[in-house]
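Next come the chains, spelled out residue by residue.
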Amino acid sequence: MNYLQEALIEAFKLIINLDRELLDVVTTSLRLSVTSTLIAALPGILLGIIISRNNFGGKKVINVILNTLLGLPTVVVGLFVYSLISRRGPLGELDMLFSIRGIILGQIILILPIIIALSRNAIHDIDDKMYKTAISMGATRLQQFKLLLAEARYGISGALIAAFGRVIGEIGVSMMLGGNIRGVTRTITTAMAMETNKGRFGFGLALGLILLTIAFLVNFGVYYLQAGESSV
Amino acid sequence: MKKGLFLLFILTLLLMVSVIPVAAEERLVMATTTSTENSGLLAELLPPFEEKFDVRVDVVAVGTGKAINLAQNGDADVILVHARPAEDKFVEEGYGVNRRDVMFNDFVILGPKDDPADIAGMKDAIAAYKKIAESKSEFISRGDDSGTNKKELSIWTKAAIRPEGSWYLETGQGMGASINVANEKEAYIMADRGTYLAYSGDIELEILVSGDEILFNPYGIIPVNPAMYSHLNYQMAMALVGYITSQQGQKIINEYTKYGKQLFHPSAILPENIK
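Residue positions are given per chain, counted from 1 along the sequence in the order it is written. For naming, the first written chain is A and the first written ligand is 1, with later ones following in the order written. The predicted origin of the model limits local features to residues at a pLDDT of at least 70 and limits the giving and counting of side-chain atom pairs to 80 or more, whereas totals for whole chains, interfaces and linings rest on all residues. Working from all heavy atoms in the structure, the side-chain values ignore hydrogens and water.

### Overview of the overall build of chain B
A run of H or I in DSSP counts as a helix once it spans at least four residues, and a run of E counts as a strand once it spans at least two, with each numbered from the N terminus. Counting its regular elements, chain B contains eleven helices and twelve strands. The C-alpha extent of chain B, read off along each of the three principal axes, is 70 × 55 × 35 Å. Only protein chains enter the accessibility calculation, which uses a 1.4 Å probe. A residue is then buried if its area is under 20% of the maximum for its type, exposed if over 50%, and partly exposed in between. Within chain B, the fraction of its 275 residues that count as buried is 53%. Any two residues whose heavy atoms approach within 4.5 Å are treated as being in contact. Long-range pairs, those at least 24 residues apart, make up 73% of the contacts in chain B with a sequence separation of at least 6. Accessible surface area values rest on a Shrake-Rupley calculation with a 1.4 Å probe, where residue burial reflects the displayed protein chains alone. For chain B, the exposed area adds up to about 12500 Å²; of that, 54% sits on carbon and sulfur atoms. Positive charges come from Lys and Arg alone, negative charges from Asp and Glu alone, with His and the N- and C-terminal ends not counted. Lys charges are placed at NZ, Arg charges at CZ, Asp charges at CG and Glu charges at CD. Of note, chain B has its 26 positive side-chain charges centred 2 Å away from the centre of its 37 negative side-chain charges.

### Quick notes on the overall build of chain A
Across its full length, chain A holds eleven helices and zero strands. Along chain A, from the amino end to the carboxyl end, the secondary structure elements read α-α-α-α-α-α-α-α-α-α-α. Dimensions of chain A along its principal axes, counting C-alpha atoms only, are 70 × 50 × 25 Å. Evaluated residue by residue, chain A yields a buried proportion of 45% over its 232 residues. The contacts of chain A with a sequence gap of at least 6 include a subset with a gap of at least 24, amounting to 76%. With the model as given, the accessible surface of chain A reaches about 11800 Å², and the carbon-plus-sulfur share is 67%.

### Concerning the interface of chain A and chain B
How big an interface is tends to be stated in terms of the accessible area lost upon association of its parts. Facing 30 residues of chain A, the contacting portion of chain B comprises 36 residues. Put simply, buried area is how much 1.4 Å-probe accessible surface two parts lose in total, over both of them, once they are put together. The contact between chain A and chain B buries some 2700 Å² in all, and 56% of this surface belongs to carbon and sulfur atoms. Among the residues of chain A in contact with chain B, Arg87, Phe98 and Asn197 of chain A are the three that bury the most area, contributing 22% of the side total. Throughout this description, the term salt bridge denotes a Lys or Arg side-chain nitrogen within 4 Å of a carboxyl oxygen of Asp or Glu. Where chain A packs against chain B, one counts two salt bridges. One salt bridge in this structure joins Glu37 of chain B and Arg186 of chain A, with 2.8 Å as the shortest N-O distance. Polar contact criterion, stated in full: a pair of N or O atoms within 3.5 Å, where within protein one must be able to donate a hydrogen and the other to accept it, and residues adjacent in sequence count only if both atoms are side-chain atoms. At the junction of chain A with chain B, the criterion picks out twelve residue pairs in polar contact (both at pLDDT 80 or more). For the side of chain A that touches chain B, the secondary-structure elements that each account for two or more residues are helix H2 (20-53), helix H5 (100-125), helix H10 (188-198) and helix H11 (201-231) of chain A. Of the residues forming the side of chain A that touches chain B, the biggest block, five residues, is contributed by H11 of chain A. Classes in brief: Ala, Val, Leu, Ile, Met, Phe, Trp, Tyr, Cys and Pro nonpolar; Asp, Glu, Lys and Arg charged; the others, Gly included, polar. In the side of chain A that touches chain B, the residues fall into 14 nonpolar, nine polar and seven charged.

### Here we look at the nonpolar core
In terms of nonpolar packing, the biggest core is built from 53 residues, with Phe98, Ile111 and Leu177 of chain A together with Val60, Leu70, Ile79 and Phe90 of chain B touching the most fellow members. Sort the elements by how many residues they give to this core and H5 of chain A lands first, with ten residues. Beyond its immediate sequence surroundings of up to four residues, Phe98 of chain A is in contact with Met176, Leu177, Gly178, Gly179, Ile181 and Thr185 of chain A together with Arg27, Val29, Asp58, Val60, Leu70 and Asp75 of chain B. Residue types Ala, Val, Leu, Ile, Met, Phe, Trp, Tyr and Cys, when buried and joined through side-chain atoms within 4.5 Å, form a set referred to as a nonpolar core. By size, the runner-up hydrophobic cluster in this structure holds 43 residues, among which are Met175, Ala191, Ala237 and Ile244 of chain B.

### Some thoughts on the environment of Leu69 of chain A
Residues and elements named next belong to chain A. One can find Leu69 in helix H3 (residues 59-69). Judged by its relative accessible area of 29%, Leu69 falls in the partly exposed class. Leu69 sits 48 residues away from Ala117 along the chain, and the two C-alpha atoms are 9.4 Å apart.

### A look at the confidence of the model for chain B
All names here are of chain B. pLDDT: the predictor's confidence for each residue, scored from 0 to 100. For chain B, per-residue confidence averages 90 on the pLDDT scale, and 91% of positions sit at 70 or higher. For chain B, per-element mean pLDDT is lowest for helix H1 (residues 2-18), which scores 60, and highest for helix H10 (residues 234-244), which scores 97. With a pTM of 0.82, the predicted complex shows an ipTM of 0.76.

### A look at helix H3 (residues 41-53) of chain B
In a helix, the anticipated span is given by 1.5 Å times the number of residues less one. End to end, H3 of chain B covers 19 Å across 13 residues, agreeing with the expected 18 Å (1.5 Å per residue, within 8%). Residue Asp54 of chain B follows H3 of chain B closely and has a positive phi angle near 50 degrees.

### What about the domain arrangement of chain B?
Residue and element names in this part refer to chain B. These domain limits were set by an automatic method or by a database of domain assignments. Looking at chain B, the domain boundaries give domain 1 (26-103 + 218-273) and domain 2 (105-215). Distance between the C-alpha centres of domain 1 and domain 2: 26 Å. Contacts between the two partners involve 13 residues from domain 1, matched on the other side by 13 residues from domain 2. Between domain 1 and domain 2 the total buried area reaches about 1000 Å² when both faces are included, carbon and sulfur atoms providing 62% of it. Its largest share of buried area at the contact with domain 2, domain 1 owes to His82, Tyr259 and Leu263, together 36% of the area lost on that side. Counting every contact that joins domain 1 to domain 2 gives zero salt bridges. Summed over the shared surface of domain 1 and domain 2, the number is one residue pair in polar contact (both at pLDDT 80 or more). Among the residues making up the side of domain 1 that touches domain 2, the classes are represented as six nonpolar, six polar and one charged.

Here you go:
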């Protein structure tokens, strides 16, 4: 018990004093997660719309594959991308392993299915009438796209937030592709694993608290968006 | 409208943090073991080198087996590891060149106070391993192909025992995590002294066997052969070898202490010759 108390006290001290190492790790994590979410957003939403709004052969198969990929284990993505970007792999020339870019590539692959599937659902759920009216009035493709985005904005924002939540809390991709390099690719989760391994539970716990806070803020954002929806 | 502004604000904030600075710095990738990185030594040893040569050393801390594997794939420029037979094989196969001794410390055998295998105070690690196996006392193995794991397996081989059965548990995790498992299960484990010291305040396990020659734990540094991969930063890797085995590097290793104890002993230059 005493042990947990000590760790908690150290954790709060680190957070209150804005420990540099701690800040470094937190900003790296935020930067990575935001970047991968933003990059994955456009293709993800577009594909979600295409799948939802078009009927084509093999659509069922695609949906099944997509739903399977939702729970993609991070180590599988890590291993797959590792074999691609290792010097012996086909993309070895790009020098991406153990760099920020490597992690981002892995994270994009990890969350693309989430964004596609959730925006597909969001588009699927909106009222068809308005969309059909718009088409009958001769809306261009771009106008149709904008309309869909506007109608499904809460669902799509939810998709992006879910994707962000997935990447900020994942460790498999960051560890395998980033290598937990101090000051460069060390993220909240890889630092937690390492510090715990070193016996510095206070530091690990401080990071855990920060991760929880971020998760709370993200969920608060979701709640805020949903509240917005019900007041419309 | 208010909501739109709020969203815009959040989005701008996100974009601001997401801007990635373009690193124009030269970089050197060093694959090493968790024990060296976790000890904090590298944070003292590397910055003077980075400053002098205007280079960023990216330390990837994995087990020795993985570090060698990364180097073989051309994913590291230089390795700092501890498993002499594997290092020699690495050089013989042409992957590594110009290996140098850097430093050493030692392994210790930890166990619970009541010591069911009755090995406390023994000087012979092989005999101690035999007693653990005979009494079927729980033993925790890293099981992760790390330098420590390789050493542990080599001792079992010398004891002519194939460790298996319900008493032999492989964690597949790092040293610290494995010590924790051993502590919770009141089992025996072999650990490097540095990691043990880091944990000594929080665990019940004690050092039962130490000082055997077989428990000697030397570290070597090996640049990856530039003939293998053209992109390797061989020049800088050699500069790092030069620095770590120089007076300056060896002095930092010699003077590095944690928990009031010296963790590593320099071996490129004899301690008495370090100025």
